[in-house]
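Below are the chains, spelled out letter by letter.
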Amino acid sequence: KFLDSRPLQIAPATGRGVFDQMAATEAADLSKLKAASMEEDLVLDTLSIYTIRLLSADMVDKASSGHLGTPFGCAPLANALWGKIMRFSPFQRWINRDRFVLSAGHASALLYVMLHLTGNGLGGPYEVSMERLQQFRQAGSSTPGHPEFRMTSGVEVTTGPLGQGFANAVGMAIAEAHLAARFNKEGFALFDNYTFVLAGDGCLMEGVCSEAASLAGHLKLHKLIVFYDDNKVTIDGGTNLAFSEDTAQIFAAKGWNVLHIPNGDVHDAAVYEKAVAEAKSQTEKPSIIIMRTTIGCGSGSGIEGKAKAHGGKFSNIEEIRANYFSPEGLRKSKNPVDHRLAEVIEAELGSLNGSGNGKILPKFYVPKAVLKKFRLRGDHGDELACEWNRMVGKYCRTFRESDPALVQDLEDRMRGKYLMDDWRASLDEYLKKETKVLDAKLGTLLNMVEPKQEEPRPPFKRLKSDGAIGFKNKAGRIYASEVLKCLVQHNPAIIGGAADVASSCGSHFPDLQGHFLPPSRGQGLHDASYAGRYIHFGVREHAMLSILNGICSYSLMIPYGATFTVFFQYGLPAIRMAAISKFPIFYIGTHDSIDLGEDGPTHQPVEVLPQLRAMPNLLVIRPADVNETVGAFEVMAEQYASFRDISQYVDPKPLSRRPIFLMTCRGELGLPYKTNAGISGREGVKRGAYVVHDCFDITSGSTHASQLPTGSKVPDIILIGSGQDVGLCMQTKELLLKWSSAFYEQLHISFDGPIPLPISVNQPCLKIRIVSMPCWELFDEQDQEYQESVLLSNYTDVLSIYVEKAATKNTGHDKYAQYSVLMPSFGLSGKSADVERKLEFTADFVASKVWAAWLERGRHVPQAADTGDRGFSTWVSRMHRRAGGN
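In this numbering scheme, every chain counts its residues from 1 along its sequence in written order. Local features in a predicted model are, by the rule used here, given only for residues with pLDDT of at least 70; side-chain atom pairs are given and counted only at 80 or more, and totals for whole chains, interfaces and linings are based on all residues. Calculated side-chain values reflect all of the structure's heavy atoms, with hydrogen atoms and water omitted.

What about the overall build of the protein?
A run of DSSP states H or I qualifies as a helix once it reaches four residues; a run of E qualifies as a strand once it reaches two. Both are numbered from the N-terminal end. Of the regular secondary structure elements, the protein holds 31 helices and 20 strands. Whether two residues are in contact is decided by their heavy atoms: any pair within 4.5 Å suffices. At a minimum sequence separation of 6, the contacts of the protein that also span at least 24 residues come to 77%.

Some thoughts on the sheet that holds strand β13 (residues 586-590)
Strands are treated as partners if at least two bridges between them are detected by DSSP. Spatially, six strands are ordered β11-β8-β12-β13-β15-β14 in an open sheet, and the strand pairing comes out parallel. Each edge of the sheet is formed by a strand with only one pairing partner; in this case those strands are β11 (534-536) and β14 (619-621). The sheet shows a mean angle of 20° between the axes of neighbouring strands, direction not considered. Strand direction decides the pairing type here: strand β8 (residues 494-498) and strand β12 (residues 558-564), joined by five bridges, are parallel. Bridge pairing in β12 places A498 opposite A562. Interaxial angle, 0 to 180 degrees, is taken between N-to-C directions of lines fitted to C-alpha atoms, where a helix line uses only the stretch in contact.

Overview of the pattern of salt bridges
The working definition used for a salt bridge is a side-chain nitrogen of Lys or Arg within 4 Å of a carboxyl oxygen of Asp or Glu. Per the counting criterion, the structure on display carries 43 salt bridges. One salt bridge in this structure joins E156 and R97, with 3.0 Å as the shortest N-O distance. In this pair, E156 sits in the loop between α5 (130-134) and α6 (164-183) while R97 sits in the loop between α3 (75-85) and β1 (99-102), placing the two residues 59 residues apart along the sequence. Across the pair, exposure class does not vary: E156 and R97 are buried alike. The salt bridge involving R415 is made with D412; its shortest N-O contact spans 3.2 Å. Through salt bridges with shared partners, a single network forms among R424, D428, E634, E638, R682, E683 and K686. For every residue, the accessible area (1.4 Å probe, protein chains only) is compared with the maximum for its type, and the residue is labelled buried under 20%, exposed over 50%, or partly exposed between those bounds.

Here we look at the sheet that holds strand β18 (residues 768-772)
If you trace the five strands from one edge of the open sheet to the other, you get β16-β18-β17-β19-β20, paired in mixed fashion. Each of the sheet's edge strands pairs with one partner strand only, and the pair in question is β16 (690-693) and β20 (819-823). Averaged over all adjacent pairs, the angle separating strand axes in this sheet is 30°, with direction ignored. Each of β16, β17 (717-721) and β18 is contacted by helix α28 (residues 784-791), which is oriented at about 130° to β18, the strand it contacts most.

A word on the side chain of T732
By the element assignment, T732 lies in helix α26 (residues 724-750). With residues up to four places along the chain from it excluded, the contact list for T732 reads L719, A843, V846 and A847.

Observations regarding the packing of aromatic side chains
For any pair of aromatic rings, geometry is given as the distance between the ring centres together with the angle between the planes. Here a pair means two rings of Phe, Tyr or Trp (six-membered ring of Trp) with centres within 6.5 Å. Their orientation is stacked below 30 degrees between planes, edge-to-face above 60, and tilted elsewhere. Applying the stated criterion across every chain, the model contains 27 aromatic pairs. By the criterion adopted, a ring carries a charge over it if an Arg CZ or a Lys NZ lies within 6 Å of its centre and within 35 degrees of its normal. Cation over ring: R99 sits above Y554, and NZ or CZ is 3.9 Å from the ring centre.

Details of helix α8 (residues 207-219)
Its 13 residues give α8 an end-to-end C-alpha distance of 19 Å, which sits within 8% of 18 Å, the value for a rise of 1.5 Å per residue. Of all the residues in α8, the buried ones are V208, C209, A212, A213, L215, A216, G217 and L219. With its phi angle positive at about 55°, K220 sits one or two positions after the end of α8. Take the residue count of a helix, subtract one, and multiply by 1.5 Å to get its expected span.

Digging into the side chain of Q513
Residue position: Q513 is located in helix α19 (residues 510-513). Of the residues examined, Q513 reaches a relative accessible area of 1% and is grouped as buried. Here a polar contact is taken to be a pair of N or O atoms separated by no more than 3.5 Å, where protein atoms must pair a possible hydrogen donor with a possible acceptor and residues adjacent in sequence count only if both atoms sit in side chains. Looking at Q513, its side chain comes within polar contact range of the side chain of Y560, at 2.8 Å. Other than its neighbours up to four places away in sequence, Q513 contacts V488, S507, H508, G532, R533, Y534 and Y560.

Here we look at the nonpolar core
Put simply, buried Ala, Val, Leu, Ile, Met, Phe, Trp, Tyr and Cys residues joined by side-chain atoms within 4.5 Å make one nonpolar core. Counting 134 residues, the largest nonpolar core has F166, F191, Y587 and F633 as its most contacted members. When residues of this core are assigned to their parent elements, the largest contribution, twelve residues, is made by α6. Excluding anything up to four places from it in sequence, Y587 contacts L545, L548, N549, G561, F568, I575, A578, L618, P659, I660, F661 and L662. Counting residues in hydrophobic clusters, the runner-up holds 77 residues, among them L111, V155, L198 and A275.

Some words on the pairing of strand β2 (residues 195-200)
Burial analysis of β2 places six of its six residues in the buried class, the great majority of the element. Both faces of β2 are covered, namely the face carrying T195, V197 and A199 and the face carrying F196, L198 and G200. Bridging between β1 and β2 involves four bridges; their strand directions are parallel. By the bridge assignment for β2, L102 is matched with L198. Sheet topology note: the β2/strand β3 (residues 224-230) ladder contains six bridges and is parallel. Paired with A199 across the strands is Y228, a residue of β3.

Observations regarding the packing of α8 against helix α20 (residues 541-554)
Between α8 and α20, the least distance of the axes is 8 Å, while the angle of their chain directions is 75°. The angle between the axes of α8 and α20 places the two elements in the roughly perpendicular class. On the side of α8, the interface is formed by V208, E211, A212 and L215, while α20 contributes E541, H542, A543, S546 and I547. In this scheme, roughly parallel covers angles under 35 degrees and roughly antiparallel covers those over 145, while 65 to 115 is roughly perpendicular and the rest are oblique.

Regarding the pairing of β3
With respect to burial, β3 is a largely interior element, seven of its seven residues being buried. The two faces of β3 match: L224, V226, Y228 and D230 on one face and I225, F227 and D229 on the other face are all buried. When β3 meets strand β7 (residues 287-292), the two strands line up parallel, connected through six bridges. Across the sheet, the residue bridging to D229 is M291, located in β7.

Re unusual backbone geometry
Positive phi, close to 75°, is recorded for L556, a residue that is not glycine. Position of L556 relative to the elements: it lies in the loop between α20 and β12. In this structure, K582 is a non-glycine residue whose phi angle is positive, near 60°.

Focus on the confidence of the model for the protein
A residue's pLDDT is the confidence the predictor assigns to it, expressed on a 0 to 100 scale. Mean pLDDT over the protein stands at 87; residues scoring 70 or higher make up 85%. Low pLDDT, under 50, characterises residues 453-470; the predicted model gives this stretch 31 contacts beyond four residues in sequence or across chains. In this model residues 700-710 is a low-confidence stretch, pLDDT under 50, and it forms 20 contacts with partners more than four residues away in sequence or in other chains.

Here we look at the packing of α3 against helix α4 (residues 108-117)
Helix-helix packing is characterised by the crossing angle of the two axes and by the distance between the axes. Following both chains from N to C, one finds α3 and α4 inclined at 30°, their axes separated by 11 Å at the closest point. The chirality of how α3 crosses α4 is right-handed. Residue-level contacts link A75, A78 and W82 of α3 to L110, L111 and M114 of α4. For this scheme, ten residues count as nonpolar: Ala, Val, Leu, Ile, Met, Phe, Trp, Tyr, Cys and Pro. Four count as charged, namely Asp, Glu, Lys and Arg, and the remainder, Gly too, count as polar. Taken together, the residues that form the contact of α3 with α4 break down as six nonpolar, no polar and no charged. The hand of a helix crossing depends on one turn: near helix anticlockwise from the far one by less than a right angle means left-handed, and clockwise means right-handed.

A short note on the environment of G217
By the element assignment, G217 lies in helix α8. For G217, a relative accessible area of 1% corresponds to the buried category. Sequence separation between G217 and K254 is 37 residues; the distance between their C-alpha atoms is 5.5 Å.

Overview of the environment of A252
Note that A252 resides in helix α9 (residues 247-253). When the C-alpha atoms of A252 and G217 are compared, they prove to be 8.9 Å apart, with 35 residues separating the residues in sequence.

Looking at the environment of E411
Relative to the assigned elements, E411 resides in helix α15 (residues 404-414). Distance in space between the C-alpha atoms of E411 and G393 is 9.5 Å, their sequence separation being 18 residues. Not counting residues up to four positions away in its chain, the partners in contact with E411 are C396 and R400.

Some details on helix α23 (residues 626-637)
In this model, α23 (twelve residues) spans 16 Å end to end at C-alpha, consistent with the 16 Å of a helix rising 1.5 Å per residue. For α23, the full list of buried residues reads V626, N627, E628, T629, V630, G631, A632, F633, E634, V635, M636 and A637. With a side-chain oxygen positioned 3.2 Å from the backbone nitrogen of N627, the residue opening α23 is D625.

Listed below in structure tokens is the structure:
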């Protein structure tokens, strides 16, 4: 026993007969032992709760910042979860551990206290030590204001924005159900953990929580248990100001098992154990346990149960300490348990050898009995982890011969390798097939314009090379779908879904993935079970993206999510949490610009691309053709392709893994001509930007190939684009070459001076380089030498112009170019070709703007980020007139 080793004194029994007397004595002894044990447990529970509250209060007091209402109110729950209920290991974060998610992330002090008490990372560099608790909310500490994944050992997900953790937990429950369905066999329950959540009133008010709860009920995720801290208080006052719904009935309607703890302030851990046991007794529904608690419970009148208890330190902390940690204060209580506890505190004070003041335990102090209790619980979890590891080894030995592929898949994933060895082979085969078709139909754009006998085509007609007339590329979303299918087909670790737009985004392959659904929901569907790898998220974009964070946190899977690019705005907070956490999630956003067409400005995402580019730790890739699309998927896949110690993935170490957003179009995607540069789009995308068509032709034995004069390989103009706009830049280049050639031809006709013109009639005056820049972030990570070789930023006489119809003005393009042709406003509803012409994103309009800028270059060539008095560097704001007037 933790508190007392004194033997129980049992009085001699008296009775009518020997056997009756023995039976009565035995029953009395058992009853007394049980009562004594329960009393002792309750005393230790109470001391643990007081310790949790005071440690939290000391942290917030020292930081002069934080939130104490929930740590005080939910300390009894924390004591029960870590002291009796959850299976966890402070030293081995084994995959089958129970998860705890603090959706009410502002109560981080509570979580850090429990991680310290249980010895998380004890003795290692990431130990949640007492020193770390004392550094709460300080710059550079591992105990930040809100829990951050990778920052603190033992934190499962980054939370803070309310409701995010709730939805993350749904993702963890999905992950457990899927892995159990794939790997568990009779006698080998490799995956059977529970996910516990602490959510507050604010979490349940958030829309993402409602979305996630709806899906969890539909999917019958019975290993998800949510504790709702129903304290009836928010920052602004009582919840009756803004929140009057019947939570129990709402969750029951969503398909949840609803339980109640009427007095959530009770200290007895058995109350919570009973509620959890009842939640686990059924296998059809997720459970929500509604705890009626008091915010700031135990903090005294004037604070307890008031809105002021939510945030900030308590002014009466020393009074609280005297009530909890001094024999005198405890004996003033009317609770007999506190009187028993006074004896324990007296013994604790006696063991301090003068380090305290003799009457009260000091700040940041943990009584020995409390520390022993939680450390032993952690030791028990370490034993469970070892048992689980032994079970995994036995599982692999048992089934290696009968199911070698399954065993190999498990072993690889456990070592952090989520893709098959030959995962590139399917991409190679696919790209070879596609490029064969393209190479046969794409024409060649030469920098030398040769005279033709036929009549010239009208200058403002959409121009195509002779070899490409009548040829159409596939849509960008089709390329993305086909490449995704190649990976899904051969790599069972890939799991994901779409927000009810799978048919538009091409993100579901039923014959390969099946459907992630409980069997009762999958009637009439092929391969519907928890083993399915496609999640039907429904029209729940925010929940989808938050759930992906939970799946990624669980590990052993590669999660992806797809929807229209504009609808990712519904879930930007979840993407932001993924970026902070460096979760390597793959987002597929289709319908990326005004090319969307008839659906109009409500669906045309002219501002989403800049929003995503502004987010740290997020790679945003907008490919220009099928080569770049394959390259983008490879960037994602390479994060999962090699062996890495799983501990590296869950420890709070900074990793190179990060989320990736692939943005592609609804319409045709591809280049109108063959490239003439030495790097393929597949490799170029991995460097962020590359030259796709240069200003000189490479001699290749062809009679049509020409070489510009020596020293003229430096371009006059660099046109930069991404996605469909790279093809637009190439068409613009074709027009500019023809215009410049015609211009000099007219000069030759009209020039009558004594000195001949230093250029031939057929020599264009403009040398134009086309740069594809699919990913700003990857390009910024390249060395300066490579960046300069692409953009030639040190050449002051090179005019650079960025063309992008998926972005609005003043959103960072001046970092790479002197001028930009961008969206001046929201889009329009209409045929995509008509919308592009109306908004001047056709080759003739763009060429006229570039031509006008070239004619002005004799005055001044502005430098990148030049802030002179010539106006904005964005073209649409600089022209103030339609470019067609040129």
